[in-house]
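Understanding the architecture of this molecule
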Amino acid sequence: MAEVSFDRVSKVYPDGTRAVSSIQLEIADQEFMVLVGPSGCGKTTALRMVAGLEEISEGDLRIGDRVINDVPSRDRDIAMVFQSYALYPHLSVYENIAFGLRLKKVPKDEIDRRVREAAHVLDLTEWLKRKPRNLSGGQRQRVAMGRAIVREPQAFLMDEPLSNLDAKLRVQMRAEIARLQDDLGVTTIYVTHDQVEAMTMGDRVAVMRRGELQQVATPQELYDHPLNVFVGGFIGSPAMNLIEATLERDDGGYAVQLGDQRLALPEQLVAARPALAQWAGRELVLGIRPESLEDASVAGAAADGSRLRARVKLREALGSEVDVHATIAARPAQTDEVRELQADKGLEALDARASEATVVGRLSPKSRTV
Ligand code: ATP
């Protein structure tokens, strides 16, 4: 069994930076766990502690039943795949893959068997004699994977392994790594800042912010039931629309007031959130997923949906969908979390006095002609 568990693990760098704060996380045997979050949230530090490349300041890290805080990296039985691949340029693909096994003095025929097996799985057999410089980016990436596989470790640790590949190859390798992990059944911790990568690859995803875990859940659960504004805004593309609103009681139910508009909340939503009552009369952040919006003027639009008046600024036809950018007379949410999400996406800070919020709707094709 190779569970990996963080028991209130923290990392404080010598300069006082608290990069990871009391993380509690259990990764099951054979699980694919993705750590995701914006730059600087501490995900790489968390991974490096498992790898034995950073000391653990507080708490216990376990692989299986063993506390590994003081176990040297080479004795942890893990294999790491980095963003840079870290291949030896003067060695052939074969020798690169075999390297770790030679160091461990594994018998020659055993090395040969394992290297050829890995090469076969990774579709590298015909390139075994080549040097890394004569390979494509995707092939180099596979060699790095091969090197990890042949060690037959208890866990794979991967730090943004796809970030040097072009967009098309990333999508392909994403699927390959996920399939490979599934076939091999090796517990994997995968670090990325790319939420699409996280959502498509992870059995579960751990979202981090400022050194703390925000939520750990399956991709679907994260998407459908984000625990806070940060997770809601971070997961999903186009991003969730976040608007300042006030929750009001309304005819036995609830409504949100945003600017001069009032939206009744669907009964279903209210029933699923018994804690809503305590927020009545208070200001909150209303989050609406782009695909939850539709064009109310189109025949076939849901008659029971709440209506929001918006001024359309831009339509982007994507073929199967159309993204509509519009403004509504309400203030965009401006919490610290929202500001951080804006910065992470490279967007300008919102004007603190803004009285109009931009909303993005991802509409179905039937709205295309309007
Ligand atoms: P990125 O995606 O940019 O790599 P990350 O989420 O992986 O970011 P870390 O690299 O783990 O984040 O860094 C977490 C925090 O710790 C950051 O504030 C970073 O500046 C800080 N940090 C990282 N390494 C050190 C170090 N050696 N000394 C001091 N602070 C550090």
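Look above for the structure.
Thresholds, definitions, all that
Residue indices begin from 1 for each chain and proceed along its sequence in written order. Residue-level local features of this predicted model are given only where pLDDT is at least 70; pairs of side-chain atoms are given and counted only at 80 or more, and the full residue set underlies all totals for whole chains, interfaces and linings. Only runs of H or I of at least four residues qualify as helices and only runs of E of at least two qualify as strands under DSSP, and these elements are numbered from the N terminus. Any pair of residues counts as being in contact when their C-beta atoms, constructed from backbone geometry, are within 7 Å of one another. When buried Ala, Val, Leu, Ile, Met, Phe, Trp, Tyr and Cys residues are joined through C-beta atoms within 7 Å, the set is termed a nonpolar core. Residues with at least 20 other C-beta atoms within 10 Å of their own are called buried, those with 12 or fewer are called exposed, and the rest are partly exposed. The C-beta atoms themselves are positioned from the backbone. By definition, two strands form a pair when at least two bridges between them are found by DSSP. Here an angle of 0 to 180 degrees is reported between the N-to-C directions of two axes, which are lines fitted to C-alpha atoms, with helices fitted over the stretch in contact. A clockwise turn of the near helix away from the far one marks a right-handed crossing, whereas an anticlockwise turn of less than a right angle marks a left-handed crossing.

A few words on the overall build of the protein. From N to C terminus, the protein includes 10 helices and 17 strands. The C-alpha extent of the protein, read off along each of the three principal axes, is 75 × 50 × 35 Å. By sequence separation, contacts in the protein at least 24 residues apart represent 65% of the contacts at least 6 residues apart.

The subject of this paragraph is the nonpolar core. Core analysis: the biggest nonpolar cluster contains 88 residues, and V34, L35, I97, L157, I189 and A206 have the highest contact counts within it. Filtering out sequence-adjacent residues up to four positions away, V34 remains in contact with Y190, T192, A198, M201, G202, V205 and A206.

This paragraph deals with the pairing of strand β6 (residues 78–81). Within a regular strand, the side chains alternate between the two sheet faces. Of the two faces of β6, the one holding I78 and M80 and the one holding A79 and V81 are both buried throughout. Of the pairings in the sheet, the one linking β6 to strand β7 (residues 155–159) comprises 4 bridges and is parallel in character. Among the inter-strand pairings, A79 is bridged to a residue of β7, identified as F156.

Packing of helix α2 (residues 93–103) against helix α4 (residues 137–149) brings their axes to within 7 Å, and their N-to-C directions diverge by 30°. α2 and α4 meet at a crossing whose hand is right-handed. Here α2 contributes V93, N96, I97, F99 and G100 to the contact with α4, which in turn contributes V143, G146 and R147.

It is worth stressing that arrangement in space is one thing and function is another; only the former is reported here.
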